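Examination of the molecular architecture
Chain by chain, the residues run as shown.
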Amino acid sequence: NSNDNVSGSATISLMVAGWTTLTNPVGNNSSDGGINLTLLLPNGDLLAHGAGGGGESANWYQLTPDSAGGYADGTWTPVGSMNVGRLYFGSVVLPNGNVFVVGGEYSTDNGGGFSNSAEIYNPTTQKWTMVAPDPQPQVGDEEAMVLPNGNVLVGDVASNGTEIYNPTTNVWTAGGSKIHTDDVSDEEAWVKLDRKS
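The present account deals with the structure reproduced in this document. (Residues numbered from 1 in each chain as written. Predicted model: local features only at pLDDT ≥ 70, side-chain atom pairs only at ≥ 80, totals over all residues. Heavy atoms only, no water.)

**Re the nonpolar core**
Operational definition: Among buried residues, the Ala, Val, Leu, Ile, Met, Phe, Trp, Tyr and Cys ones that are joined through side-chain atoms within 4.5 Å form a nonpolar core. For each residue, the accessible area found with a 1.4 Å probe, counting protein chains only, is set against the maximum for its type, and the residue is called buried under 20%, exposed over 50%, and partly exposed in between. Secondary structure elements are taken from DSSP: a helix is a run of H or I of four residues or more, a strand is a run of E of two residues or more, and numbering for both begins at the N terminus.
The biggest cluster of nonpolar side chains holds 15 residues, and the ones touching the most others in it are Val 92, Phe 100, Val 102, Val 152, Val 154, Tyr 165 and Trp 172. Every element with two or more residues in this core is listed here: β7 (99–104), β9 (115–122), β11 (144–146) and β12 (152–155). In this structure, Trp 60, Val 79, Val 99 and Trp 128 belong to the second largest nonpolar core, which totals 13 residues.

**Re the sheet that holds strand β3 (residues 60–64)**
Convention followed: For two strands to be treated as a pair, DSSP must find no fewer than two bridges joining them. Where helices are involved, their axes are fitted lines through C-alpha atoms of the stretch in contact, as for all axes, and angles between N-to-C directions lie from 0 to 180°.
Pairing is antiparallel across the open sheet formed by 4 strands, whose spatial order is β1-β2-β3-β4. Across the chains shown, the open sheet's two edge strands, defined by having one partner strand only, are β1 (35–40) and β4 (75–79). Pairs of neighbouring strands in the sheet enclose a mean axial angle of 25°, with direction left out of account.

**Concerning the packing of aromatic side chains**
Heads up, the condition is: By convention, a stacked pair of Phe, Tyr or Trp rings (six-membered ring in the case of Trp) has centres within 6.5 Å and planes under 30 degrees apart, an edge-to-face pair has planes over 60 apart, and any other such pair is tilted.
For the structure shown, the criterion picks out 7 aromatic pairs. Summarising the aromatic geometry, the rings of Phe 100 and Trp 172 are spaced 6.2 Å apart at their centres and angled 50° between planes, so their arrangement reads as tilted. Highlighted residues: Phe 100 in strand β7 and Trp 172 in strand β14 (residues 171–174), separated in sequence by 72 residues. Residues Phe 100 and Trp 172 agree in their burial class; the two are buried. Ring pairs connect the aromatic residues Trp 60, Phe 89, Tyr 121 and Trp 128, which therefore count as one cluster.

In short, the description is geometric, and any link to function would need to be established separately.
Written as structure tokens, this is what we have:
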């Protein structure tokens, strides 16, 4: 301090944000052509969907951090495959740690076209289970979001409507419509706000 010639020192920790290359590649599955999306599981592992070489894929991989908790030197492991190969679909991690997926702009259950099928993955058993399909015939590259009560809100790719899936009862119900009639849920992102308005 130049006003009274008092000085002092302190030590602080800084975290510098940046990108780090992973030491270990995603398995030896070159046919997957990389990773399409990743989800953070409650145990800290990453669940990653294989990109299918640009097409539909049922393959998933799990990245487990190293002993120090770092991902850069983590270990990749293939895990259970979905029942349906998908590309560009809705996905969320449910409050119980299971993973819910719905639809697909490209899918193996609809001749490569849009799908409305849905599945839930149990990370403990590494098994995918088919659940009730979305009531809309086309569910593709649209957003899904877990609501505070544990249900899943899914947007419509062909209209401004939404559907709500209850994972406890395996039942779909109609959700609210977005304000603008031309506001389809295609290639968009949603963010939950921390207040009701």
